Amino acid sequence: AQAVKIKEGVHWVGALDWTLRDFHGYTTERGSSYNAYLIIDEKITLIDSVKHYCIDEMLDRIKSVIDPSKIDYLVCNHVEMDHSGALPKLKELAPNAEIICSPNGEKNLTAHYKQNWKFKVVKSGDSVSIGRRSLKFVLTPMVHWPDNMVTYCPEDKILYSNDAFGQHLSSSQRFDDEFALDIIIEEAKKYYANIVLPYGNQVKKALEDLSGIDIGIIAPSHGIIWRSSISVILDQYKKWSANQTEKEAVIAFDSMWGSTEKIAGAVARAFEEKGYIYKLYDLKSSHISDIITDVLTAKYICVGSPTLNSSLLPTVAGFLAYLKGLAPKNRHALAFGSYGWGGQSIIAVETWLHDCGFVMLPNISVKFIPDHEQLLAITKNLVKQID
Ligand code: FEO
């Protein structure tokens, strides 16, 4: 494996995880990459590293440029193990290398690896000279963990943004102008929705902190590097972090005998009549991480479950728990379902959605099988209530 030159003296030395299909519960149909960047200057610097099982690929790429024992600085923008997993081995190979990280980075790296490493702890605005270049650090707590920071090199105009602006996407191409932009944006949206969504306020703060800097390249820790469409991804992050929604609706349900599915269809027809972009997801066959991608920009979230054993179906409960954790804001929601005698599922779904802070539409519940007239009435009533 070879290093890929990003700019004179700057090399991508990461690893491609082509076969990864799950990233802590998020489906990664296009695999992922862990991006590490090697800067050759008076101080040899490695920015971030890779998952522990990818270390040999990273070392091969580093060795195609320089002996890893010559590394002086290991910048750790984020402690999560997809970026720090290779640090223990790297420290064995380069025992004198100093780890540059945030105060929480030092705390959390020590908690993770229980080693007596030498740290250079930095705070927002600090700068470290590595020779011809300098590295400036901006702490970005909760994008994605309390320890996160980004590293900016003013001489190269490169922002090493770690998780921010990343995508789970494995590719032999490294840059945004070498790969289909709509796929990169789709994966960046899925990444934001499933990883970054709860931290919108912190993203806004980070975007403000970074607004004055001249960015020529955004080098994230996952996926494709941005150099031609920087304003596109920055605009998307501004929109997503502001919880701005579109005229879109997501309808997610599970069904036992097809009745809740029929109600879902009647709900969908109401959004169709109102000119919404809508998507219908059966939770038996759709993954919650794909549904959340659409939730990111949807104004309406409609969730349906029939009643099973005085409760809701486990597929629906799993989706609701995931949705609540990711905490999208400024949404409208609807609970619906069919029941035989108790009807507790519709109330349970409604309670979950209400607890998410959504503005609720009156729920829709139907005893046993909805007939044609009932379905028409559901659509007609809903059309009146949708904005
Ligand atoms: Fe890619 Fe939060 O780690």
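Our subject is the structure listed above.
Calculation notes
- Residues numbered from 1 in each chain as written.
- Predicted model: local features only at pLDDT ≥ 70, side-chain atom pairs only at ≥ 80, totals over all residues.
- Heavy atoms only, no water.
- Helix = DSSP H or I, 4+ residues; strand = E, 2+ residues; numbered from the N terminus.
- Buried < 20%, exposed > 50% of the residue type's maximum accessible area, 1.4 Å probe, protein only.
- Contact = heavy atoms within 4.5 Å.
- Pairing = 2+ DSSP bridges.
- Axes fitted to C-alpha atoms, helices over the stretch in contact; angles between N-to-C directions.
- Disulfide = S-S within 2.5 Å.
- Polar contact = N/O pair within 3.5 Å; in protein donor to acceptor, adjacent residues only side chain to side chain.
- Parallel < 35°, antiparallel > 145°, perpendicular 65-115°, else oblique.
- Left-handed = near helix turned anticlockwise from the far one by under 90°.
- Nonpolar A, V, L, I, M, F, W, Y, C, P; charged D, E, K, R; others polar.

Colleague: What is the right way to read the overall build of the protein chain from this model?
Modeller: Each helix and strand counted, the protein chain has twelve helices and 22 strands in total. Taken along the three principal axes of its C-alpha coordinates, the protein chain extends 75 × 40 × 35 Å. When each of the 387 residues of the protein chain is scored for burial, the buried share is 57%. Here the contacts in the protein chain between residues at least 6 apart in sequence split such that 71% fall between residues at least 24 apart.

Colleague: Can you walk me through the sheet that holds strand β14 (residues 149-153) in this structure?
Modeller: Backbone-to-backbone hydrogen bonds pair the strands of a sheet. The strands run either parallel or antiparallel. Pairing in this open sheet of five strands is mixed, and the strands run β12-β13-β14-β15-β16 from one edge to the other. Edge positions in the sheet fall to β12 (127-129) and β16 (217-220), since each has one partner strand and no second. Here the average twist between neighbouring strands, direction ignored, is 20°. Here β14 runs beside strand β15 (residues 158-162); their pairing, made up of three bridges, is antiparallel. Bridge pairing in β15 links T151 to Y160.

Colleague: What am I meant to see in helix α5 (residues 181-196) here?
Modeller: The periodicity of an α-helix, 3.6 residues per turn, causes residues three or four places apart in sequence to face the same way. With respect to burial, α5 is a largely interior element, twelve of its 16 residues being buried. For α5, the set of buried residues is I184, I185, E187, A188, K189, K190, Y191, Y192, A193, N194, I195 and V196. Taken together, the buried residues of α5 touch β4 (22-23), β5 (26-27), α6 (200-210), α7 (230-241), α9 (288-295) and α10 (314-326).

Colleague: Just checking my understanding: could you explain the state of the cysteines for this structure?
Modeller: A disulfide bridge is the covalent bond that connects two cysteines by way of their sulfur atoms. In the structure shown here, the tally under the stated rule is zero disulfides. Among the cysteines around C101, which has no disulfide bond, C76 carries the closest sulfur, lying 6.1 Å off. With no disulfide of its own, C356 lies closest to C302 among cysteine sulfurs, the gap being 13 Å.

Colleague: Would you take a moment to explain the sheet that holds strand β1 (residues 4-7) for this structure?
Modeller: Strand order in the open sheet formed by seven strands is β1-β2-β7-β8-β9-β10-β11, with mixed pairing between adjacent strands. Since the sheet does not close on itself, it has two edges, and those belong to β1 and β11 (119-121), each with one partner. Direction aside, neighbouring strands of the sheet carry axes that sit 25° apart on average. Looking at chain direction, strand β8 (residues 45-47) and strand β9 (residues 73-75) are connected through three bridges and run parallel. Residue pairing for β9: T45 is matched across the bridge by Y73.

Colleague: For this particular structure, what's the right way to read the side chain of T27?
Modeller: Along the chain, the position of T27 falls in strand β5. Here the side chain of T27 touches S289 through a polar contact of 3.1 Å, side chain to side chain. Once residues within four sequence positions are removed from consideration, T27 is found in contact with R21, K190, H287, S289 and D290.

Colleague: Help me understand the packing of helix α8 (residues 259-273) against helix α12 (residues 372-385) in this model?
Modeller: A pair of packed helices can be characterised by two numbers: the angle between their axes and the separation between those axes. Interhelical geometry of α8 versus α12 gives an angle of 40° and a closest axis separation of 8 Å. The angle between α8 and α12 falls in the class oblique. Seen along the crossing, α8 lies across α12 with a hand that is right-handed. Taken together, the residues of α12 that come into contact with α8 (itself represented by K262, I263, A266, V267, R269, A270 and E273) are L375, I378, T379, L382 and V383. Split by residue class, the contact of α8 with α12 holds eight nonpolar, one polar and three charged.

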